[in-house]
Amino acid sequence: MRAEDLDLRELLDFEPGGGTIRFAGERALILDVVAFGLLRRELVESLGPTAARVVLTRFGYAHGWRTAEALRSAFPWDDEREWHRAGGRLHQLQGMLVYEPVGAVEGPRPFAQALWKESVEAEAHLAHLGLSSEPVCWMSCGFASGYLGYCHGRAICCVEERCRGRGDAVCVMAGRPREEWGDDPRLVYFEPDALDRSLRQVTAALRRADRKLAARRPRSGQADDGGLVAESAAMRHALDLARRVALVDSTVLLAGESGSGKEALARFVHAGSARALRPFVAVNCAAVPETLLESELFGHARGAFTGATQDRAGLFEAASGGTLLLDEIGDLPTAMQAKLLRVLQEREVRRVGENRVRAVDVRVLAATHRDLAAEVAAGRFRQDLYYRLRVIEIRVPPLRERREDVLPLARRHVALVAARTGCPVTGLTPAAADQLQRWGWPGNVRELQNVIERAVVLARGRRVDVEDLPEEVRIAQPGRGSPGAPRTLADVERAHVLAVLRGVGGNRERAAAELGIGSATLYRKLKEYGVTRPRR
Ligand code: ZN
């Protein structure tokens, strides 16, 4: 018997007339979730949040402990590990939540880790007490701790790293042996005498909770998650939208100029979503030759084409359970557009050279610097795919529309590059800072990062000075580079060159031909502008 073989229809034993219901052999009780939510509110309001949390954690603990004890001999387990794993499964079958154990994750592994979706406690807490500043699945944490504690014969403490009741997309539980937690304040909820103590501490805890709530109020300024800087209203708006779409599973289209940070925003959406512990995979559709793109995305069977020496999973399968970013989607060849549309609709892929289809569970984010509506109008992009992709559209503003972000971005990048290269540069001189704000940044964040990297490496002093900046930045005048402002011939040339390059999808040969110059000249100009080839 394995944990996943447990089936509610077989575990539940009842007389149609009621009276005695048994679950896995033990007498059980059906409780209404609304009544449970009201009880929780009563506890919080009369005892205070700390004491209420202790009571419910210890109730869950007893429940988990008893369940482990009953399950040990109730089923002929294949091995002891199946009995250990059955706790999460049981918890799900009892209706507490949808349980997903988490496999390999980055960083040091906790003793136990799981995703909890649809937590009934979080739902009840949100309905009766509103959004919390702390995780709220107290009974579930108690249950997991009690179950694992009984199984392993030692004290295991499970807490939530994220919680739906706190506004996260999903609950994430991590459990470790007690001694490994050190003096983590959350352990107080597992102490046998915690109830007494916590009642005495209610007043202090309330004050602390108040302070925490105040700290969680909308952070202005450096609302900086995942390396994103958002001092400007335009970027704050984009981040705000990204934060909200992270909580749902819809397809998102990220639109914005090259170098504006679309991938960073895609990573931010992934990190805030229920898929955060699963892979994030990004592919630049414009960088993969058309002939290889299908196999890259969907995989191939051995012998499907010359060079296919073994079966290979594609990126859709590699991103399973996680998020796939299709960058430069506007450059997708027409034939691939049709295939992608089918995958998005059917949620299954067919490897090249194979007949069977494989189901995929992937959230797709698409990004482009092109105006996709115009591409549709010109007949270069399928309208049905366009509508399928832009369920939600987030526009990532160009750097010239978020001038307040230029200096924070520059300072952060100085620190990063200095740390990476060991250059003893600590910041910017006021004159250099001033000059950075005068430039229009047509290559956006990527251009700024390139300029800073070069400046840090070349800097003669401990701070980046004006003379360390590339010429066009060094001589930029206020207002230049911004739309509508008076421009020099060099500015106009630069804007025209970049616009033509964008118009031909970044193809430098075609851009050079269209501009009537040699490709060597174009390369030199692009280098001057600080525009480098996109990664991948
Ligand atoms: Zn939770």
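Residues numbered from 1 in each chain as written. Predicted model: local features only at pLDDT ≥ 70, side-chain atom pairs only at ≥ 80, totals over all residues. Heavy atoms only, no water.

J.: Give a description of the sheet that holds strand 16 (residues 392-395) that names residues and reports values.
T.: Spatially, five strands are ordered 9-12-15-8-16 in an open sheet, and the strand pairing comes out parallel. Each of the sheet's edge strands pairs with one partner strand only, and the pair in question is strand 9 (280-284) and strand 16. Within the sheet, the average angular offset between the axes of one strand and its neighbour, ignoring direction, is 20 degrees. With four bridges connecting them, strand 8 (residues 252-255) and strand 15 (residues 363-368) associate as parallel partners. Bridge assignment links Val252 to a residue of strand 15, and that residue is Leu365. The sheet strands contacting helix 8 (residues 233-246) are strand 8, strand 15 and strand 16, and the helix crosses strand 16 at an angle near 150 degrees. (Pairing = 2+ DSSP bridges. Helix = DSSP H or I, 4+ residues; strand = E, 2+ residues; numbered from the N terminus. Axes fitted to C-alpha atoms, helices over the stretch in contact; angles between N-to-C directions. Contact = heavy atoms within 4.5 Å.)

J.: An account of helix 12 (residues 334-346) is needed here, citing residue identities and associated values.
T.: The terminal C-alpha atoms of helix 12, which comprises 13 residues, lie 19 Å apart, in line with the 18 Å expected from a rise of 1.5 Å per residue. By the burial criterion, the buried members of helix 12 are Met336, Gln337, Leu340, Leu341, Val343 and Leu344. Along helix 12, the residues classed as buried sweep out an arc of 165 degrees about the axis, all on the same side. Looking at the packing, one finds that the buried side of helix 12 touches helix 10 (290-298), helix 11 (315-318), strand 12 (323-327), strand 13 (348-349), strand 15 and helix 14 (383-389). Two residues or fewer after helix 12 comes Arg347, characterised by a positive phi angle close to 55 degrees. (Expected span 1.5 Å × (residues − 1). Buried < 20%, exposed > 50% of the residue type's maximum accessible area, 1.4 Å probe, protein only. Arc of directions from axis to C-beta.)

J.: Run through the environment of Leu436, naming residues and quoting values.
T.: With respect to the secondary-structure elements, Leu436 resides in helix 16 (residues 430-438). The class for Leu436 is buried, based on a relative accessible area of 0%. C-alpha of Leu436 to C-alpha of Ile452: the two residues are 16 residues apart in sequence and 9.7 Å apart in space.

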